[in-house]
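Here is how the chains run, residue by residue.
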Amino acid sequence: MACICLYGAASDRIQEDYIETVEELGRQIAGHGHSMIYGAGASGLMGAAARGMTEAGGYIIGVTPHFMHEFEPIYECTEVIDTETMAERKVIMESRADAFIVVPGGIGTFDEFFQILTLKELDRLGNKPIILLNVEGYYNELYAMMQAANAKGFFREKVMKLFSICSTPEEAMAELDAQLAAK
C-alpha cells in the first residue's frame, strides 16, 4: 500500500463536475489499496477527495497547521497531524508520501506542485511519481506556459518529463500504479 499525497483547492466555489471527479479519485485511491495524506481540509477538492476516501473505506492522514483551523473546516481524518507552520506541513507530507496527485487548485496548490517538481528535479524527492489530474483541461494553460519556458531555455528538458498529466481518475490511478510498480 502506497501513501498518496493529494494537493488541491480548498475553495467551496468550485463547479460540481470538479467535485464529483475528485470524489471519484478519492474512491479510486482507496479502492487501489492506497492511503492518502493531504492538508486536512473538509471543503473544496480536498474535502471531495477525503469524502471519496471515506466512502471507500480508505485511510486518511490530514496534516494541518494550528492556524488553518480558523480559515477552513478540518475533515474527520483517520489520523491528524498538527503542525506549527505551512513549511512543516509540507515537509511531513513530502516525506510520508510515495507519490503525488495534484488536482485543480489555486495559489497554494501551484506552490505545492512547483515545490515537489523542483525537489524532484534536484533529486531530493527520489523517484516519487507526480501526476497532474487535468480535470476539464484545468492545467492546459499552465502546461502551455511551462512548455514555452522550456522552449525559451528556462527549464531543462528533463523537467517536462518529471510529471505526468492525466484527464480522469482512472487514467491517473493506472499511471500511478504503473510508476509505483516500476520503482
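Residues numbered from 1 in each chain as written. Predicted model: local features only at pLDDT ≥ 70, side-chain atom pairs only at ≥ 80, totals over all residues. Heavy atoms only, no water.

### Focus on the packing of helix 3 (residues 86-96) against helix 4 (residues 107-121)
In the contact formed by helix 3 and helix 4, the axes pass within 12 Å of each other and the chain directions differ by 55 degrees. By the criterion of interaxial angle, the relationship of helix 3 to helix 4 is oblique. Here helix 3 and helix 4 pass one another in a crossing that is right-handed. Between helix 3 and helix 4, the residues in contact are Arg89, Lys90 and Glu94 and Asp111, Glu112, Gln115, Ile116 and Leu119, respectively. Among the residues making up the contact of helix 3 with helix 4, the classes are represented as two nonpolar, one polar and five charged. (Axes fitted to C-alpha atoms, helices over the stretch in contact; angles between N-to-C directions. Helix = DSSP H or I, 4+ residues; strand = E, 2+ residues; numbered from the N terminus. Parallel < 35°, antiparallel > 145°, perpendicular 65-115°, else oblique. Left-handed = near helix turned anticlockwise from the far one by under 90°. Contact = heavy atoms within 4.5 Å. Nonpolar A, V, L, I, M, F, W, Y, C, P; charged D, E, K, R; others polar.)

### Quick look at a nonpolar patch on the surface
On the surface, a nonpolar cluster with roughly 310 Å² of combined accessible area is contributed by Phe67, Phe71 and Met86. Secondary-structure assignment places Phe71 in the loop between strand 3 (60-65) and strand 4 (79-83). (Patch = residues over 30% accessible without salt bridge, like charges linked within 9 Å, V, L, I, M, F, W, Y side chains within 5 Å. Areas by Shrake-Rupley, 256 points an atom, 1.4 Å probe, with all protein chains shown as cover. Salt bridge = Lys/Arg side-chain N within 4 Å of Asp/Glu carboxyl O.)

### Re the layout of surface pockets
As a volume, the largest pocket reaches approximately 260 Å³. Taken together, 15 residues make up the lining of the largest pocket; nearest its centre are Ala10, Met46, Met68, Glu72 and Arg89. Of all the secondary structure elements, the ones that give two or more residues to the lining of the largest pocket are helix 3 and helix 4. It is helix 4 that provides the largest number of residues to the lining of the largest pocket, a total of four residues. Residue composition of the lining of the largest pocket, grouped by class: seven nonpolar, five polar and three charged. (1 Å grid on protein atoms, 1.4 Å probe; cavity = no way out; pocket = protein on both sides within 12 Å on 5 of 7 lines; lining within 4 Å. Points joined across faces, edges and corners; volume = space filled by probe spheres on them.)

### Notes on the pairing of strand 6 (residues 130-133)
Burial of strand 6 is two-sided: the residues Ile130 and Leu132 facing one way and the residues Ile131 and Leu133 facing the other way are all buried. At this point the chain moves from strand 5 (residues 99-102), through helix 4, to the parallel strand 6, and the crossover so formed is right-handed. By the bridge criterion, three bridges tie strand 6 to strand 7 (residues 164-166) in an arrangement that is parallel. Following the sheet pairing, Leu132 is matched in strand 7 by Ile165. One crossover worth recording links strand 6 to the parallel strand 7 by way of helix 5 (residues 140-151), and it is right-handed. (Buried < 20%, exposed > 50% of the residue type's maximum accessible area, 1.4 Å probe, protein only. Right-handed = clockwise from strand over helix to strand, strands pointing away. Pairing = 2+ DSSP bridges.)

### Structural notes on the sheet that holds strand 4
The sheet built from seven strands is open, its strands ordered 4-3-2-1-5-6-7 with parallel pairing. Strands at the two margins of the open sheet, each flanked by one partner only, are strand 4 and strand 7. Ignoring strand direction, the axes of neighbouring strands in this sheet form an average angle of 25 degrees. Direction of pairing for strand 2 (residues 35-38) relative to strand 3: parallel, over a ladder of three bridges. Note that in strand 3 the partner of Met36 across the bridge is Ile60. Running over the sheet, helix 3 touches strand 1 (3-7), strand 2, strand 3, strand 4 and strand 5 and is turned about 160 degrees from strand 3.

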